[in-house]
Amino acid sequence: AGRHQTSKLLDSPARSPFHLHRGGGPLPPNRGCLTRLSLSRSHLSALCLDGVEVRGRIPCRHPKVTMAETAVLIVIGTMSFLFYYRARLRDTIKANRARWALRTIIQRIEAAGEGPDDEEEMQVSGLFIHPVKSLRAVPLSATAFDKHGLRADRRLMLVRPNARPTYGEFVDGEATHRFFTQRQCSSLATIEASEPVDIGGKVLIKLSSTLLTDEHVFVDVSPSVIESLPVRYNAGLWGDVVEVADVGDAAADFVSKVAMQTDIRLVCLLQDSTRRISDKYCPDAARGPFGDLPMAGLTDGFPILVTSQASLDELNKRLRSKGKDALPMSRFRPNIVIQGNSTPFDEDNWKAIKVGTGEDSVVLHIVKGCPRCKQSCTDQLTGDRSEEPLETLSEFRALGTDIDVYFGQNAVMNGDRRLRSVIKLGDPVTVLSRGDPVWDLEQVQAE
């Protein structure tokens, strides 16, 4: 604990650096006192317990730490740090190695001026965002990224309150509300949420519906407004619990009229949300510079959904052979549609793709197939529901658990997080690497 030492002659109280007192008066000089005194903290404590009061300044001399002792402390501290963060350190090393390998592939392709294995010329034929989860898609000619995926994609969603638990109040971190989608109410497909537009310093989304032709409502989603909203919920979104802000009664009333429900609320993701994707499916190169997992907004599980026009053409060919109508791509609610590849469902085997050229290009990692639910059977204009495409997809796309059917591929951005990248309609798409398809490791429980 360190020793407090002094070496002074105690010939008289006046010459002593401190005085010993008992019972309110000083002890007589040289009475029971050593000529040289060395006291530790424990000795001083013992004197105090014995009724002896120590007054005055006690000179201190801290022990010197040698260079060898300092080196030992540094080594111990470093080893402790590495042991505690060994998993993160391992992920960081793997992520940077994977990104380096990917950069090498890109440099080789750019130097050759063509895709690997003479890939067919592919390009972006569709770009879509869904400002409010499970409402209509908004087509775009160009878009950029932020830390949660495509900018303004699925930053708001509808929720309903959970039943109060039998044990009383909700505990911290427990979901007080649950997400609400077309799976529960197909008429949500009639509601259009516009792309956010800056009007007079406010960032506004307009909500309208073909079922309420004479009504609409504006929602202010300016970052400062969202952060100041007082009503917050913990919303359950599949297996995650996300903190969200209620955007007010006007939007909730409008949606409630369309859905014919009285307890629906419209909520917005907070800007500092750190909802992460599952580490079970994350490629090494998609991790951040320090091994952190990519983030997602209010999507089902991954920030970006990629589909192929060739795959839709194959599905529609099978539908027409049954005498049924072809379906539009909107049934599958993608973010990026790619055309130019002649092989249907070739995207199952993509592992990394590059979209665009030069500084604006972005690398996306294909994570796993997207299982489809009855929402794909909902007409995205009228809200009418039928048995297709699930019935036909089940004939040739029942993969993984042999129960789920798949169309489209979930994707995440490369770990370098080039958020300033802009992708546009017509941008070239290059397949950088291929591998075995990945399906859900367990059956998805649809809601």
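All chains use their own residue numbering, which begins from 1 and follows the written sequence. Under the rules for a predicted model, residues below a pLDDT of 70 receive no local features and side-chain atom pairs below 80 are neither given nor counted, while totals for whole chains, interfaces and linings still include all residues. To obtain the side-chain values, all non-hydrogen atoms of the structure were used and water was disregarded.

### A few points about the overall build of the protein
Piece 1. For the protein, the count of helices and strands is 7 helices and 23 strands.
Piece 2. Only protein chains enter the calculation, and the probe is 1.4 Å; a residue is then buried if its accessible area is under 20% of its type maximum, exposed if over 50%, and partly exposed in between. The burial tally for the protein puts 44% of its 447 residues in the buried class.
Piece 3. What makes two residues a contact is simply this: any of their non-hydrogen atoms within 4.5 Å. Put simply, of all contacts in the protein between residues at least 6 apart along the chain, 70% involve residues at least 24 apart.
Piece 4. All accessible-area figures derive from a Shrake-Rupley calculation using a 1.4 Å probe, and residue coverage is judged against the displayed protein chains alone. Approximately 23,100 Å² of the protein is accessible, and the part contributed by carbon and sulfur atoms is 54%. Counting from the N terminus, the helices are DSSP H or I runs at least four residues long and the strands are E runs at least two residues long.

### Concerning the nonpolar core
Piece 1. Leu156, Leu188, Leu207, Val247 and Leu266 are the most contacted members of the largest nonpolar core, which has 28 residues in total.
Piece 2. The biggest single contributor to this core is helix H5 (residues 249-259), with 5 residues.
Piece 3. Each nonpolar core is a collection of buried residues, namely Ala, Val, Leu, Ile, Met, Phe, Trp, Tyr and Cys, held together in the definition by side-chain atoms within 4.5 Å. Core analysis: the second largest hydrophobic core is formed by 24 residues, Leu127, Ile129, Ala152 and Met413 among them.

### A short note on the side chain of threonine 299
Piece 1. Looking at the element boundaries, threonine 299 is found in the loop between strand E16 (265-269) and strand E17 (304-308).
Piece 2. Only 2.8 Å separates the side chain of threonine 299 from the backbone oxygen of phenylalanine 302, close enough to count as a polar contact.
Piece 3. Not counting residues within four places of it along the chain, the set of residues in contact with threonine 299 comprises Lys133, Asp153, Arg154, Leu237 and Arg275. Counted as a polar contact is a pair of N or O atoms within 3.5 Å, where, for protein atoms, one must be capable of donating a hydrogen and the other of accepting one, and residues adjacent in sequence contribute only when both atoms are in side chains.

### Looking at a nonpolar patch on the surface
Piece 1. A cluster of nonpolar side chains, Val75, Met79, Phe81, Leu82, Tyr85, Leu89 and Ile93, forms an exposed patch at the surface whose accessible area comes to about 660 Å².
Piece 2. Put simply, the parts of the chain that give the nonpolar patch at least two residues each are helix H2 (67-84) and helix H3 (86-112). Exposure above 30% relative accessible area and no salt bridge define the residues that can form patches, which grow by joining like charges within 9 Å and nonpolar side chains of Val, Leu, Ile, Met, Phe, Trp and Tyr within 5 Å. Criterion for a salt bridge: a side-chain nitrogen of Lys or Arg within 4 Å of a carboxyl oxygen of Asp or Glu.

### What about the pairing of strand E19 (residues 350-355)?
Piece 1. Burial within E19 is extensive, with 5 of its 6 residues counted as buried.
Piece 2. Relative to strand E23 (residues 428-434), E19 runs antiparallel, the two sharing 5 bridges. Considered in E23, the bridge of valine 355 is made with valine 429.
Piece 3. Two strands qualify as a pair provided DSSP detects at least 2 bridges between them. When E19 meets strand E20 (residues 362-371), the two strands line up antiparallel, connected through 4 bridges.

### Digging into the pattern of salt bridges
Piece 1. In total, this model carries 23 salt bridges according to the counting rule given.
Piece 2. In this structure, arginine 183 engages aspartate 300 in a salt bridge whose closest nitrogen and oxygen atoms are separated by 2.8 Å. Highlighted residues: arginine 183 in the loop between strand E9 (177-180) and strand E10 (191-193) and aspartate 300 in the loop between E16 and E17, separated in sequence by 117 residues.
Piece 3. What makes aspartate 300 partly exposed here is its relative accessible area of 31%.
Piece 4. A single salt-bridge network, built from bridges that share partners, covers Lys324, Glu387, Glu388 and Glu391.

### Considerations on unusual backbone geometry
Piece 1. In the segment running from glutamate 388 into proline 389, the intervening peptide bond is cis, with an omega of 20 degrees.
Piece 2. By secondary structure assignment, the location of proline 389 is in the loop between E20 and helix H7 (390-396).
Piece 3. In this structure, tryptophan 238 is a non-glycine residue whose phi angle is positive, near 55 degrees.
Piece 4. Inspection of the secondary structure assignment puts tryptophan 238 in the loop between strand E14 (232-237) and strand E15 (240-246).
Piece 5. With a phi angle near 50 degrees, arginine 333 is a residue other than glycine that sits in the positive phi range.
Piece 6. Structurally, arginine 333 is set in the loop between helix H6 (309-321) and strand E18 (336-339).
Piece 7. For arginine 333, a relative accessible area of 7% translates into the label buried.

### Considering the sheet that holds E16
Piece 1. Strand order in the closed barrel formed by 5 strands is E8-E9-E14-E15-E16, with mixed pairing between adjacent strands. Adjacent strand axes in the sheet meet at a mean angle of 55 degrees when their direction is disregarded.
Piece 2. Pairing analysis gives 2 bridges linking E9 to E14, with the strands arranged parallel. If you follow arginine 178 over to E14, its bridge partner there is glycine 236. As a rule, the C-alpha atoms of each element are fitted with a line to give its axis, helices using only the stretch in contact, and angles between N-to-C directions run from 0 to 180 degrees.

### Section: the environment of glycine 426
Piece 1. Note on placement: glycine 426 falls in the loop between strand E22 (422-424) and E23.
Piece 2. Expressed as a C-alpha distance, the spacing of glycine 426 and valine 355, which sit 71 residues apart in the sequence, is 9.8 Å.

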